[in-house]
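# Chains, contacts and geometry: an overview
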Amino acid sequence: MESFKDAIGGTVRLSYKPGSFDTPPKHVLVICKLRGKWLLTNHSKRGLEFPGGKVEIGESLEEAARREVMEETGATISKLQFIGEYEVTQDGTTFVKAIFYGIIDEMVKKDHYFETSGPVFVEGDILKLRWDSQYSFIMKDKVIEKSVSKIMAEN
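What you see is a predicted model, and the numbers here were worked out from it, not measured in a lab.

A separate point is the overall build of the protein chain. Scanning the protein chain from N- to C-terminus turns up 3 helices and 9 strands. Each helix (α) and strand (β) of the protein chain, taken in turn from the N terminus, gives the series β-β-β-β-β-β-α-β-β-β-α-α. Against the 2.2 N^0.38 benchmark of 15 Å for 155 residues, the protein chain shows a C-alpha radius of gyration of 14 Å, consistent with a compact globule. Here the C-alpha coordinates of the protein chain stretch approximately 40 × 35 × 30 Å along the principal axes. The buried share of the protein chain, reckoned over its 155 residues, is 46%. Here the contacts in the protein chain between residues at least 6 apart in sequence split such that 64% fall between residues at least 24 apart. On the protein chain, roughly 8100 Å² of surface is accessible, and the fraction owed to carbon and sulfur atoms is 51%. Side-chain charges of the protein chain comprise 22 positive and 24 negative groups, with the mean position of each set lying 3 Å from the other.

Within the element layout of this structure, Val 30 appears in strand 3 (residues 27-34). With near-sequence residues (within four places) excluded, Val 30 lies in contact with Phe 50, Pro 51, Ala 65, Val 69, Ile 77, Leu 80, Phe 100 and Gly 102.

The next subject is the nonpolar core. The tendency in soluble globular proteins is for nonpolar side chains to be buried as a group. Counting residues in hydrophobic clusters, the biggest one holds 22 residues, and the most contacted among them are Ile 31, Trp 38, Leu 40, Phe 50, Tyr 86, Ile 99 and Ile 126. Within the residue set of this core, elements represented by two or more residues are strand 2 (11-15), strand 3, strand 4 (37-43), strand 7 (75-90), strand 8 (93-107) and helix 3 (142-154). Element by element, the count of residues in this core is highest for helix 3, at 4 residues. Counting residues in hydrophobic clusters, the runner-up holds 14 residues, among them Leu 34, Leu 39, Val 69 and Ala 75.

Time to look at the layout of surface pockets. One number sums up the size of the largest pocket: a volume of about 480 Å³. Broken down by secondary-structure element, the contributors of at least two residues to the lining of the largest pocket are strand 3, strand 6 (52-54), strand 7, strand 8 and helix 3. Class assignment of the residues belonging to the lining of the largest pocket gives a composition of 12 nonpolar, 5 polar and 8 charged.

Looking now at helix 3. Over its 13 residues, helix 3 runs 18 Å from end to end, which matches the ideal 18 Å to within 8%, given 1.5 Å per residue. Along helix 3, the residues classified as buried are Val 143, Ile 144, Ser 147, Val 148 and Ile 151. Around the axis of helix 3, the buried residues are gathered within 115° of arc, so they sit on the same side.

This part takes up the pattern of salt bridges. This model, assessed by the stated rule, comprises 9 salt bridges. Residues Glu 49 and Arg 46 are paired through a salt bridge, measuring 2.7 Å at the closest nitrogen-oxygen approach. Residue Arg 46 is classed as partly exposed on the basis of its relative accessible area, which comes to 34%. In this structure, the salt-bridge partner of Arg 67 is Glu 68, at a minimum N-O distance of 3.1 Å. Under the relative-accessibility criterion, Glu 68 is labelled buried at 7%. Each of the salt bridges in this network shares a partner with another, and the network as a whole consists of Glu 56, Glu 59, Arg 67, Glu 68 and Glu 71.

Further remarks concern the side chain of Glu 85. The residue Glu 85 is located in strand 7 in this model. Buried and unpaired, Glu 85 has Arg 13 as its nearest opposite-charge partner, separated by 9.1 Å. At 3.1 Å, the side chain of Glu 85 forms a polar contact with the backbone nitrogen of Gly 19.

Residues given the UniProt feature "domain: Nudix hydrolase" (unreviewed entry) here are residues 21-154. With 22% helix and 44% strand, residues 21-154 has its two end C-alpha atoms placed 24 Å apart.

Conventions adopted
Residues numbered from 1 in each chain as written. Predicted model: local features only at pLDDT ≥ 70, side-chain atom pairs only at ≥ 80, totals over all residues. Heavy atoms only, no water. Helix = DSSP H or I, 4+ residues; strand = E, 2+ residues; numbered from the N terminus. Rg over C-alpha atoms; globule rule 2.2 N^0.38 Å. Buried < 20%, exposed > 50% of the residue type's maximum accessible area, 1.4 Å probe, protein only. Contact = heavy atoms within 4.5 Å. Areas by Shrake-Rupley, 256 points an atom, 1.4 Å probe, with all protein chains shown as cover. Lys, Arg positive; Asp, Glu negative; His and termini not counted. Charge placed at Lys NZ, Arg CZ, Asp CG, Glu CD. Core = buried A, V, L, I, M, F, W, Y, C linked by side-chain atoms within 4.5 Å. 1 Å grid on protein atoms, 1.4 Å probe; cavity = no way out; pocket = protein on both sides within 12 Å on 5 of 7 lines; lining within 4 Å. Points joined across faces, edges and corners; volume = space filled by probe spheres on them. Nonpolar A, V, L, I, M, F, W, Y, C, P; charged D, E, K, R; others polar. Expected span 1.5 Å × (residues − 1). Arc of directions from axis to C-beta. Salt bridge = Lys/Arg side-chain N within 4 Å of Asp/Glu carboxyl O. Polar contact = N/O pair within 3.5 Å; in protein donor to acceptor, adjacent residues only side chain to side chain. UniProt positions renumbered as here; feature names shortened; annotations may be inferred.

Structure, rendered in structure tokens:
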């Protein structure tokens, strides 16, 4: 397990094994690709980031990952791979998020993308591009760096 501070001062613990924390994940982060391009979404407040969100009651982590990607980008995932989990503690509040890697099967245009303006495709080295001001603070965390590096090494 690795520990570090996130971009806004929270304490982060990252593990690549499921069930590593006392609290089960109630959020998902899905790092996605379609035909070699990274699939992000443009969040209305935070900027460019990978899709993700809260797990709904009765939903598995995998179901939440697929739903969030569809809601925020209009994409259907053909292959979903568990990457890890991370716990963030800040100001006495703690949450746990599961990380997945998704290969996109198809895209559909939607009339509404919830709190985002829909899909954004990015080509190139996302670990370098993420430092641009249009990217969310979430993209600048070591969780993204470690997860993308793990995905690149394994795929």
